[in-house]
There are 2 protein chains.
Amino acid sequence: MRQVTIVGTGLIGASFGLALRKAGFDGAIVGVSSPAALADAMARGAIDRGAPLAEAVAAADLVFLSQAIGRILDTIRHLDPLVKPGALVTDAGSTKCEIVDLARQVLTRCQFLGGHPMAGKESRGAVAADAELFRGHPWALAPDEPGELETPAARDFRRWLDRIGARIAVLDCDAHDRLVARTSHVPQLASTALAAVLEAQWQGAVPPLYGPGLKDMTRLALSSYDLWRDIVATNTDHIARALGDYIQELEHLRENLRTRQLQEEFTKGEKFARRLREPS
Amino acid sequence: MRQVTIVGTGLIGASFGLALRKAGFDGAIVGVSSPAALADAMARGAIDRGAPLAEAVAAADLVFLSQAIGRILDTIRHLDPLVKPGALVTDAGSTKCEIVDLARQVLTRCQFLGGHPMAGKESRGAVAADAELFRGHPWALAPDEPGELETPAARDFRRWLDRIGARIAVLDCDAHDRLVARTSHVPQLASTALAAVLEAQWQGAVPPLYGPGLKDMTRLALSSYDLWRDIVATNTDHIARALGDYIQELEHLRENLRTRQLQEEFTKGEKFARRLREPS
């Protein structure tokens, strides 16, 4: 690929640009974003220049949509007449089914391959971008059928993902959305709920005593609603079911505070937490 | 005070010994523990020597009970005939009412002042001890009445807590137990429940995709059930109520995944999480 266009040069988009450069990509990297976001991304060396969408995608071999989910859907609706025939369009949306479904309907002149890099940090924007952001972290790809991974453009894209250190995980969009409901979306809501209950009680104050793990448990609650509104809106059913299972487990603990069942749940939880920390 | 006896030379007890030494305490520090734990604490320089309970407390001006809660209760039951008259006995138990109630009933020859240093780490034992463990963290004191803080022995103890950098927080034992149910015990159970649900689903495996915050959210799940059994058993009512409020908040989120209420809860949670991180 000779030109990459990054639509949305925030943390993820700008990190992708930096990562490509560090991995040796020497083609053009064009950004599409607000003037302020483009200026930040250029200052960081994540893109070469900014351009309006139509101009930016006309010659792009790879179009990377790294906006919030609602904006990704909007961009996909406008993209088909603008892209170079045969280009690969991919995205970084945290849910996949709505995006992949829409792309299947409206994109006819290019290939779409849904993606989701599972990396991030609390800080946002190109100023927080990091060429190493994706290293060692999963990057989900959600093809409609396996052959989509084997087109020349998709092979080339996967080679670049390897070079930037991402660990490719292939699964279909429903499996993706069902899984991240449990491993990403419920943890977010668990943190938000914990912090919201404490806020309701301690409005404007910090409790005089708290355990050493309360900061861990409320870190995700710092996340922006702007991003989460779209995630929750496009994965509501899976999240509702997964949240139901979490609530059921908490009820189980509550009913067994004085029985041996509590030990079993602690043992299960400790096993999972340890395994998550083992080198893979 | 000239002699301090630390009963239970694990992470908290050994860290207290190291902290006293670093702060300039030049009296004797005697440990009561298993032979292995005493050897570790001596190797770290946290105690001068080990001794059986009766011998260790006979000449102690301060007796610090840093065992698991059940063991603290056991020790208190045996302590009264053994202590030096007028000694101050304090503890590090994570719940206060059962301990303070028992001490009030059985200790007649010494003063008891319930305490709870809100510090810790994942690692256990004297090998993980740290003279700075308490610096900047709250150390709860739970007197039955304010005058208990003003005896000569209690004033001396409080001066040493200042010197090791602990931030003393005074509250009665019921207020303490009610508060930590919400700021320490429910966060623990929230983490355990999250990890236990994932373990039930992923027995023996790590999910191929998970969000960057899942490690934060499952760190507390690494905690030992041995410690938590006693905490939960001695604070069951407050924990059950606080857990009920947390479950109710999660239900509220679940019912409002597609309404504006979700934004309000994210905003509340973000406010609390930010305030917790502001320098105090």
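Residues numbered from 1 in each chain as written. Chains lettered and ligands numbered in written order. Predicted model: local features only at pLDDT ≥ 70, side-chain atom pairs only at ≥ 80, totals over all residues. Heavy atoms only, no water.

**Focus on the overall build of chain A**
Working step 1: When helices and strands are counted, chain A shows 11 helices and eight strands.
Working step 2: Its C-alpha radius of gyration of 21 Å places chain A within 12% of the 19 Å reference for a compact globule of 280 residues.
Working step 3: By principal-axis analysis of the C-alpha atoms, chain A measures approximately 65 × 40 × 35 Å.
Working step 4: In chain A, which comprises 280 residues, the proportion classed as buried is 58%.
Working step 5: Put simply, chain A shows about 11200 Å² of open surface, and 49% of that area lies on carbon and sulfur atoms.
Working step 6: Counting 33 positive and 35 negative side-chain charges, chain A places the averaged centre of each group 4 Å from the other. (Helix = DSSP H or I, 4+ residues; strand = E, 2+ residues; numbered from the N terminus. Rg over C-alpha atoms; globule rule 2.2 N^0.38 Å. Buried < 20%, exposed > 50% of the residue type's maximum accessible area, 1.4 Å probe, protein only. Areas by Shrake-Rupley, 256 points an atom, 1.4 Å probe, with all protein chains shown as cover. Lys, Arg positive; Asp, Glu negative; His and termini not counted. Charge placed at Lys NZ, Arg CZ, Asp CG, Glu CD.)

**Regarding the interface of chain B and chain A**
Working step 1: Across the contact, 84 residues belong to chain B and 84 residues belong to chain A.
Working step 2: Looking only at chain B, the three residues that lose the most surface to chain A are Leu209, Tyr225 and Phe266 of chain B, adding up to 10% of its buried area.
Working step 3: Our count for the chain B to chain A interface comes out at four salt bridges.
Working step 4: Glu199 of chain B is the salt-bridge partner of Arg275 of chain A, the closest N and O atoms lying 2.8 Å from each other.
Working step 5: Seen at the junction of chain B and chain A, the total is 25 residue pairs in polar contact (both at pLDDT 80 or more).
Working step 6: Take the side of chain B that touches chain A: its biggest share by element is 22 residues, from helix α7 (residues 173–202) of chain B.
Working step 7: In terms of residue class, the side of chain B that touches chain A is built from 48 nonpolar, 19 polar and 17 charged. (Contact = heavy atoms within 4.5 Å. Buried area = accessible area lost by both parts, 1.4 Å probe. Salt bridge = Lys/Arg side-chain N within 4 Å of Asp/Glu carboxyl O. Polar contact = N/O pair within 3.5 Å; in protein donor to acceptor, adjacent residues only side chain to side chain. Nonpolar A, V, L, I, M, F, W, Y, C, P; charged D, E, K, R; others polar.)

**Some details on the packing of aromatic side chains**
All names here are of chain A.
Working step 1: Counted under the stated rule, the structure contains 14 aromatic pairs over all chains.
Working step 2: Taking the centre distance of 4.3 Å and the plane angle of 40° together, the rings of Phe16 and Phe64 count as tilted. Separated by 48 residues along the polypeptide, Phe16 in helix α1 (residues 11–22) and Phe64 in strand β4 (residues 62–65) bring together distant segments of the chain. Of the two residues, Phe16 and Phe64, both sit in the buried class.
Working step 3: On the basis of an interplanar angle of 35° and a centroid distance of 5.8 Å, the ring pair of Phe64 and Trp139 is categorised as tilted. (Phe/Tyr/Trp six-rings, centres within 6.5 Å; stacked < 30°, edge-to-face > 60°.)

**Quick look at the sheet that holds strand β3 (residues 49–50) of chain A**
All names here are of chain A.
Working step 1: Pairing is mixed across the open sheet formed by eight strands, whose spatial order is β3-β2-β1-β4-β5-β6-β7-β8. For this open sheet the edge positions go to β3 and β8 (167–170), each flanked by a neighbour on one side alone.
Working step 2: Contacting β5 (88–91), β6 (111–117) and β7 (138–142), helix α5 (residues 97–106) crosses the sheet at an angle of about 170° to β6.
Working step 3: Against the sheet, helix α6 (residues 152–163) contacts β4, β5, β6, β7 and β8, and its axis sits at roughly 170° relative to β7. (Pairing = 2+ DSSP bridges. Axes fitted to C-alpha atoms, helices over the stretch in contact; angles between N-to-C directions.)

**Regarding the side chain of Asp177 of chain A**
Residues and elements named next belong to chain A.
Working step 1: Topologically, Asp177 is positioned in helix α7 (residues 173–202).
Working step 2: Salt bridges are absent for the buried Asp177, whose nearest opposite-charge side chain, Lys96, sits at 6.6 Å.
Working step 3: A polar contact is formed between the side chain of Asp177 and the backbone nitrogen of Lys96, at a distance of 2.8 Å.

**Quick look at the domain arrangement of chain A**
Residue and element names in this part refer to chain A.
Working step 1: Looking at the assigned domains, one finds that chain A contains domain 1 (3–171) and domain 2 (175–277).
Working step 2: Listed as interface residues are 14 residues of domain 1 and, on the opposing side, 17 residues of domain 2.
Working step 3: Both sides of the domain 1 and domain 2 interface together cover about 1200 Å² of buried area, and 66% of this is carbon and sulfur.
Working step 4: When the area that domain 1 buries against domain 2 is broken down by residue, the three leading residues are Thr95, Arg124 and Leu171, summing to 35%. (Domains from an automatic or database assignment.)

**Some details on helix α10 (residues 236–255) of chain B**
Working step 1: Taking 1.5 Å per residue as the helical rise, α10 of chain B with its 20 residues ought to reach 28 Å, and the 28 Å between its terminal C-alpha atoms agrees with that figure.
Working step 2: Taken as a whole, α10 of chain B has its buried residues at Thr236, His238, Ile239, Ala240, Ala242, Leu243, Gly244, Tyr246, Ile247, Glu249, Leu250 and Leu253 of chain B.
Working step 3: The inward-facing, buried residues of α10 of chain B abut α7 and α10 (236–255) of chain A together with α7, α9 (225–233) and α11 (261–277) of chain B. (Expected span 1.5 Å × (residues − 1).)

**Focus on the relation of the copies chain B and chain A**
Working step 1: Rotating chain B by 180° and translating it 0.0 Å along the rotation axis places it on chain A, where the RMSD comes to 0.0 Å. When the rotation and shift are considered jointly, the pair of chain copies conforms to a two-fold rotation axis.
Working step 2: Most of the interface of chain B is mirrored in chain A: 100% of its interface residues are interface residues there too. (Least-squares fit on C-alpha atoms with pLDDT ≥ 70 in both.)

**A short note on the sheet that holds strand β5 (residues 88–91) of chain B**
Residues and elements named next belong to chain B.
Working step 1: Taking strand neighbours across the sheet as the criterion, the eight strands line up as β3-β2-β1-β4-β5-β6-β7-β8 in an open arrangement whose pairing is mixed. This sheet does not close on itself; its edge strands, each paired only once, are β3 (49–50) and β8 (167–170).
Working step 2: As defined by bridge partners, strand β6 (residues 111–117) adjoins strand β7 (residues 138–142) across four bridges and the pair is classed as antiparallel. Opposite Gly114, over in β7, you have Ala142 as the bridge partner.
Working step 3: Helix α1 (residues 11–22) rests against β1 (3–7), β2 (28–32), β4 (62–65), β6 and β7 of the sheet, and its axis sits at about 160° to β1.

**Some words on the pattern of salt bridges**
Working step 1: Scanning the entire structure with this criterion turns up 40 salt bridges over all chains.
Working step 2: Here the salt bridges do not stand alone but share partners, grouping Asp216 and Arg219 of chain A together with Asp216 and Arg219 of chain B into one network.

**What to know about the packing of helix α9 (residues 225–233) of chain A against α11 of chain B**
Working step 1: It is at 10 Å that the axes of α9 of chain A and α11 of chain B come closest, and there the two elements cross at 140°. Compared by their axis directions, α9 of chain A and α11 of chain B come out oblique. In the crossing of α9 of chain A with α11 of chain B, the sense of the turn from one axis to the other is right-handed. Note on element contacts: α11 of chain B touches α9 of chain A through Leu262, Gln263 and Phe266 of chain B, opposite Tyr225, Trp228 and Val232 of chain A.
Working step 2: Residue composition of the contact of α9 of chain A with α11 of chain B, by class: five nonpolar, one polar and no charged. (Parallel < 35°, antiparallel > 145°, perpendicular 65-115°, else oblique. Left-handed = near helix turned anticlockwise from the far one by under 90°.)

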